[in-house]
Amino acid sequence: MPKARASIIPVTPFQQNCTLLWDEETMRGAVIDPGGDLPLIRRAIEEAGVTVEKILLTHGHIDHAGGAAELKDALGVPLEGPHRDDQFLLDHLPESGRGFGIAARRVTPDRWLEDGDRVEVGDLAFEVLHCPGHSPGSVVFFNPAQRFALVGDVLFRGSVGRTDLPGGDHAALIASITQKLLPLGDDVAFVCGHGPTSTIGQERAANPFLR
Ligand SMILES: [Zn+2]
Ligand SMILES: [Zn+2]
């Protein structure tokens, strides 16, 4: 079975967990959510010795997608995700970035993702879960074989995504978490968009937003 490795690179003033993820056998990988600070991301890629074959986006917010166009051009790789319902966010990245001093370009994915789609990174296979609520087009990448997921801003250790931004919907967010993420299993570990990693079991037991 291919072995997954990950390196987390906090980027942008929001300390967003950009993740370099790769398959140890083939040393091919993906950058998930390159929000900005491209030099940091490119240094992590070099240090790991990974050949990046694609960029993945969990959703269209500036701290996750702000550097996607630039990194895509620099590496010459395709961009996959998020779900098409976040297109309005990707279309307005330059405006969103301005307020935070982030020079972002708008970007269009080569592949929009749907619930149930499959995404490959090296020899690793991920299931796509469409999890609206934090943003309408948020997706989660789940690797069933290795029991881990990348959840973006849907779920955090001890918290859940904010829903006061355009397109946010708290009831939809809680439904996404309880109907799609909790059933993955207590042993599933995940990287979230900000802050420390956690497991589904830890959040099922202790997350105050899920009572
Ligand atoms: Zn977000
Ligand atoms: Zn975020």
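Above this text is the structure in question.
Residues numbered from 1 in each chain as written. Chains lettered and ligands numbered in written order. Predicted model: local features only at pLDDT ≥ 70, side-chain atom pairs only at ≥ 80, totals over all residues. Heavy atoms only, no water.

Caption draft 1: Structural context of the nonpolar core. In terms of nonpolar packing, the biggest core is built from 27 residues, with Leu20, Val31, Ile41, Leu90, Leu93 and Val107 touching the most fellow members. The element that contributes the greatest number of residues to this core is helix α1 (residues 38–48), accounting for 4 residues. Residue contacts for Val31: discarding those within four places in its chain leaves Cys18, Thr19, Leu20, Ile41, Ile45, Val52, Lys54, Ile55, Leu56 and Leu71. (Core = buried A, V, L, I, M, F, W, Y, C linked by side-chain atoms within 4.5 Å. Buried < 20%, exposed > 50% of the residue type's maximum accessible area, 1.4 Å probe, protein only. Helix = DSSP H or I, 4+ residues; strand = E, 2+ residues; numbered from the N terminus. Contact = heavy atoms within 4.5 Å.)

Caption draft 2: Representation of the coordination of the zinc ion (ligand 2) in the model. Binding of the zinc ion (ligand 2) to the protein goes through Asp63 (OD), His64 (NE2), Asp153 (OD) and His194 (NE2), at separations of 2.1 to 2.3 Å. Coordination at the zinc ion (ligand 2) is irregular, judged from the 4 donor atoms that bind it and the angles of 88 to 156° they form at the metal. Counting gaps between the donor residues of the zinc ion (ligand 2) yields the pattern D-H-x88-D-x40-H. (Donors = N, O, S within 2.8 Å, 3.2 Å for Na, K, Ca; no water. Tetrahedral: all angles 85-135°; square planar, octahedral: opposite > 155°, others 65-115°.)

Caption draft 3: Representation of unusual backbone geometry in the model. The step from Gly81 to Pro82 runs through a cis peptide bond, and the omega angle for that step is 0°. Mapped onto the elements of the fold, Pro82 is located in the loop between β5 (79–80) and α4 (87–91). The phi angle at Gln15 is positive, at roughly 50°, despite the residue not being glycine. Locating Gln15 in the fold gives a position in the loop between β1 (4–11) and β2 (16–23). Given a relative accessible area of 46%, Gln15 falls into the partly exposed group.

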